[in-house]
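Coordinates in review
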Amino acid sequence: MDKWYNQILSLVCRITKVSPNEIFKSNKEEIVDARYILIYKLSEYFTDIEMAKMCGVSRELTNKVRRCFEPKLRKFSFRCKYREVCNEFEEIESAMKLV
């Protein structure tokens, strides 16, 4: 479980240029966007409760991110970063399955 979380967190932070230390501590737009991408990507593998524990946030926040994600995709920069995360993680996921 931690392996997937760390992989996704590292990838999101690298692509969005947000430090892992600040991803849950700031409400700046670019950091909130990174947080949304992280939590939404994690939601493909984990429940709200599991994500909340891993990320140190409330279950309500993880649920809100999943519910409010689609409107964020209207923003071009957000959509580009999300696609980049998905594409790169697909490669990582394939490599991890081979091991």
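Located above this text is the structure these notes cover.
Just so we're clear, the structure is a prediction, and the values are computed from it rather than from any experiment.

Let's talk about helix 1 (residues 2–16)
Helix length check: helix 1, at 15 residues, gives a terminal C-alpha distance of 21 Å against a target of 21 Å (1.5 Å per residue), a fit within 8%. When we look at burial in helix 1, the residues that qualify are Tyr5, Ile8, Leu9, Leu11, Val12, Cys13, Ile15 and Thr16.

Points about the side chain of Asp33
Mapped onto the secondary structure, Asp33 falls in helix 2 (residues 29–42). A polar side-chain atom of Asp33 sits 2.8 Å from a polar atom in the side chain of Lys72. Filtering out sequence-adjacent residues up to four positions away, Asp33 remains in contact with Lys72, Lys75 and Phe78.

Digging into helix 3 (residues 48–55)
Of the residues making up helix 3, those classed as buried are Asp48, Met51, Ala52, Met54 and Cys55. Along the axis of helix 3, the buried residues cluster in a sector spanning 165 degrees; they form a single face. Where helix 3 is buried, its residues contact helix 1, helix 2 and helix 4 (59–67). Backbone geometry just downstream of helix 3 places Gly56 in the positive-phi region, at approximately 75 degrees.

Structural notes on unusual backbone geometry
In this structure, Lys17 is a non-glycine residue whose phi angle is positive, near 60 degrees. Tracing the backbone shows Lys17 in the loop between helix 1 and helix 2. Overall, Lys17 belongs to the exposed group, its relative accessible area being 71%.

A closer look at the pattern of salt bridges
Per the counting criterion, the structure on display carries seven salt bridges. Between Arg66 and Asp48 there is a salt bridge whose closest N-O contact spans 2.8 Å. Linking Arg66 in helix 4 with Asp48 in helix 3, this pair joins segments that are 18 residues apart in sequence. Judged by relative accessible area, Asp48 falls into the buried class, the value being 12%. Close ionic contact of Arg59 with Glu60 constitutes a salt bridge, the shortest N to O distance being 3.8 Å. Through salt bridges that share partners, Glu29, Asp33, Lys72 and Lys75 make up one connected network.

Calculation notes
- Residues numbered from 1 in each chain as written.
- Predicted model: local features only at pLDDT ≥ 70, side-chain atom pairs only at ≥ 80, totals over all residues.
- Heavy atoms only, no water.
- Helix = DSSP H or I, 4+ residues; strand = E, 2+ residues; numbered from the N terminus.
- Expected span 1.5 Å × (residues − 1).
- Buried < 20%, exposed > 50% of the residue type's maximum accessible area, 1.4 Å probe, protein only.
- Polar contact = N/O pair within 3.5 Å; in protein donor to acceptor, adjacent residues only side chain to side chain.
- Contact = heavy atoms within 4.5 Å.
- Arc of directions from axis to C-beta.
- Salt bridge = Lys/Arg side-chain N within 4 Å of Asp/Glu carboxyl O.

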